[in-house]
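Residues per chain are reported as follows:
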Amino acid sequence: MNTEARKAIRSFCGLLPTTVGTVTEEVREEGFAFTIANPELSDRPIEAFTDNEELTLCFAASHYHIADYGRGRTEAELVEDMILGIAAIVGGSSRSYAVYSGDRTLGGGFTDGSDAFRSGDLWRRADRFQIYSWDGSGDKEIRPSMVDEPESPTEEI
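So, here's what we can say about the structure. All values reported here derive from a predicted model rather than from experimental measurement. (Residues numbered from 1 in each chain as written. Predicted model: local features only at pLDDT ≥ 70, side-chain atom pairs only at ≥ 80, totals over all residues. Heavy atoms only, no water.)

**As for the sheet that holds strand β2 (residues 31–36)**
So, step 1. An order of β1-β2-β3-β4-β5 is seen for the five strands of this open sheet, with the pairing classed as antiparallel. Each edge of the open sheet carries a strand with a single partner, namely β1 (23–28) and β5 (62–67). Ignoring strand direction, the axes of neighbouring strands in this sheet form an average angle of 15°.
So, step 2. When strand β3 (residues 46–50) meets strand β4 (residues 54–59), the two strands line up antiparallel, connected through five bridges. Bridging across to β4, E47 finds its partner in C58.
So, step 3. Across the sheet, helix α1 (residues 2–14) lies against β1, β2, β3 and β4, angled at about 15° from β2, the strand it touches most.
So, step 4. Packing against the sheet, helix α2 (residues 75–91) makes contact with β2, β3, β4 and β5, and its axis sits at approximately 5° to β4. (Pairing = 2+ DSSP bridges. Helix = DSSP H or I, 4+ residues; strand = E, 2+ residues; numbered from the N terminus. Axes fitted to C-alpha atoms, helices over the stretch in contact; angles between N-to-C directions. Contact = heavy atoms within 4.5 Å.)

**Considerations on the pairing of β3**
So, step 1. In terms of residue burial, β3 counts as a mostly covered element, since four of its five residues are buried.
So, step 2. The sheet contact formed by β2 and β3 spans four bridges and is antiparallel. Looking at the pairing, A33 lines up with F49 of β3.
So, step 3. Joining the antiparallel neighbours β3 and β4 is a turn of three residues, in which N52 adopts a positive phi near 80°. (Buried < 20%, exposed > 50% of the residue type's maximum accessible area, 1.4 Å probe, protein only.)

Right, here's the structure in full:
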């Protein structure tokens, strides 16, 4: 999987010379670590790691794993999922978020920009959510007070 992931990342990023910056790689004990530079926001690269059986995709505050998990998926399917994940981040349809309570990070994940991720236990304990997008246009901070305030009554004319 290491070799196929390497070829795929290099090929994909080579097609987007103005959207992504340089791609660097580091050989690790069980695979590669790739860093895809963000040409607009240097502190916001995409990182991808291979370790023979699993791929990990990291962006801003979050990451996720791409693996077979006993489902019989091929190496090509896993690499394809990784490339689709990179494309979604770069294209803006996938954004990273982190959930905070004070200085403590409670968790995070990825969102399509909708507010569906704000349900569950993390939301009840959080004092803010921070969303990060590749180009910065989808960045926002959401505080529970911003959505939990009672709506003001409307007057009919």
